[in-house]
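# Examination of the molecular architecture
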Amino acid sequence: MIKLTGIKKSFGKQEVLKGIDLTVEQGDVVAILGPSGSGKTTLLRCINYLERPNDGEVAIHQFKVDCKRASKQDIHTLRQKTAMVFQNYNLFKHKTALENVMEGLVIVQKLPKQKARELAVQALEKVGLGNKLNEYPSRLSGGQQQRVGIARALALNPEIILFDEPTSALDPELVGEVLAVIRKIAGEGITMIIVTHEMAFARDVASHVVFMDDGVVVEEGPPHQLFGTPKEERTRQFLKRSIQEWSYSI
Amino acid sequence: MGRRFEFVYILDFIPKLLGYLQITLFIVAASVVLGLVVGLIVALPRMYNIPVLKRLSVIYVSFFRGTPILIQLFLIYYGLPELLKGISIDVSKVPVLAFVIFTYALHSGAFISEAIRAAVGAVDRGQVEAAYAIGMSGFEAFTRIVLPQAVAISLPVFANVVIANLKDTSLAFTLGAMEMTGKSQTLGLTTQHFIEVYISLSLIYFVVSVILERLFQLAERRMLRYQPELASTPSRKRQLPRLLLPQFKKGGEQA
Ligand SMILES: Nc1ncnc2c1ncn2[C@@H]1O[C@H](COP(=O)(O)OP(=O)(O)OP(=O)(O)O)[C@@H](O)[C@H]1O
Ligand SMILES: [Mg+2]
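No experiment lies behind these values; they were computed from the predicted model shown. (Residues numbered from 1 in each chain as written. Chains lettered and ligands numbered in written order. Predicted model: local features only at pLDDT ≥ 70, side-chain atom pairs only at ≥ 80, totals over all residues. Heavy atoms only, no water.)

## Remarks on the site of ligand 1
Residues and elements named next belong to chain A. Close contacts around ligand 1 come from 13 residues, with Ser36, Gly37, Lys40, Thr41 and Thr42 the closest. Take Gln14: an N or O atom from its side chain is 3.0 Å from an oxygen atom of ligand 1. A distance of 2.8 Å separates an oxygen atom of ligand 1 from a polar backbone atom of Gly37. Across the complex, the protein chains shield 62% of the 630 Å² of accessible surface that ligand 1 would expose by itself. Of all the secondary-structure elements, those providing two or more residues to the shell around ligand 1 are strand E2 (14–24) and helix H1 (40–47). Top contributing element to the shell around ligand 1 by residue count: H1, with 3 residues. Here the residues of the shell around ligand 1 sort into 3 nonpolar, 8 polar and 2 charged. (Near = heavy atom within 4 Å. Polar contact = N/O pair within 3.5 Å; in protein donor to acceptor, adjacent residues only side chain to side chain. Areas by Shrake-Rupley, 256 points an atom, 1.4 Å probe, with all protein chains shown as cover. Helix = DSSP H or I, 4+ residues; strand = E, 2+ residues; numbered from the N terminus. Nonpolar A, V, L, I, M, F, W, Y, C, P; charged D, E, K, R; others polar.)

## Section: the pairing of strand E1 (residues 2–11) of chain A
Residues and elements named next belong to chain A. Inspection of the sheet shows E1 paired to E2 by 8 bridges, in the antiparallel sense. From the neighbouring strand, Ser10 faces E2, where its bridge partner is Glu15. As defined by bridge partners, E1 adjoins strand E4 (residues 55–60) across 5 bridges and the pair is classed as antiparallel. Residue Thr5 lies in a different strand from E4, and its bridge partner there is Glu57. (Pairing = 2+ DSSP bridges.)

## Some thoughts on the UniProt feature "domain: ABC transmembrane type-1" (unreviewed entry) in chain B
Per the UniProt entry, the sites bearing "domain: ABC transmembrane type-1" (unreviewed entry) are residues 21–216 of chain B in this numbering. In residues 21–216 of chain B, helix accounts for 83% and strand for 0%; the two terminal C-alpha atoms are 20 Å from one another. (UniProt positions renumbered as here; feature names shortened; annotations may be inferred.)

Given below as structure tokens:
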């Protein structure tokens, strides 16, 4: 279980997160929706301390970190328990697909090379890239690069994977293959939080949907409730606008 | 000036000059290695935005990039001992070569620091964040992710620094250092065949430059094999004109 309590974050005078509470159960797929600038990315980055929250608590099972006095070791442990998939993939450009996935296993988890290689191949096969092990990112399509990014996260066997708009940098025709992979691993019971603008995907795949606006959680609930009978006016407005703008379906 | 042109002297001078090539190469190697250290040290305050040191490093870099190396040689060879005398350190026994290497190290350090800065900046922040996100320390992220890419990216600039340095060492003869150009002066004077000795000398510099250029190209192609342009153009034709006409440009312009 991942539990965020009272997470606050400011950049200078601007308060971007105004006290976020969020609970993610084992095996949950949580979709976070919200307008641009509402703090979705910042929230994800607070969970693995790419941004340091100003206040609040991050708990993963029994492991609790009080944001005000997180030590280097705490942060390291949090990062080992989480993995992140980035909007721009952020693959290591000088490493092949296989090396990208192995890097964390060898350097951080200190697995022997042979074992790391096995796990990395498995992860890459799972995302359908068993035939691209030795390609450099520059030779892969955006969709393939993002799938390497997912394999890199998956191989680390984290408690939770954080996805930040994993398909929004992709050409429309490549979105489907990446969503299909995420759907597949969601089906395997991996806990994840996905920030996304893909409404149809969120409705289908998420077990829980969170609507954020202006640094607060406005409304949350199971997808049929949030999409079907939203309680808050702000949620209704947002959904109305989004369904028009983002009318993909897969 | 001098005697009538005779071709055989060219052939005669080459082996005599080659005997001093090792000194020239030693100056280049020593000053480039020191220059790397200096360059890294000087680049750090600017990469990490350290207030006063940053300003000093900017001044250092613009001075050594903006003044002729010959003047730098004179300043350090004649000026530094005076300065050190002030704090009663006597350097009159230090060989000329040490001053030469010191100057060239400071000179290349200025160019190298710019190259390092540009190259580190060229590795996008996102990769570092990805490294942090999988649990790497700052040191691991720098050495495993940023540095290998930065080195590969700055290799062309570094190659230019080395080759420019090779040619600049010829100025060391003005202080009486006995490297290849210094030797050519004596050969010219004793035989009075100046043209021939300069032809031999330029041939040697040229060949060494081309060899260095070629080696760096190989290294570059190997280290940058992850980049699409290099990975997908194994054709040799495209490289040939560059090989025959080495670009002796120096510094960070192309980075
Ligand atoms: N490093 C930073 N420094 C200053 N301001 C920042 C920083 N990162 C984010 N912000 C600001 O915080 C606010 C929330 O940003 P965030 O990226 O979390 O929004 P988002 O919900 O992910 O938006 P989008 O849907 O566009 O990705 C924005 O106003 C943004 O300008
Ligand atoms: Mg965002």
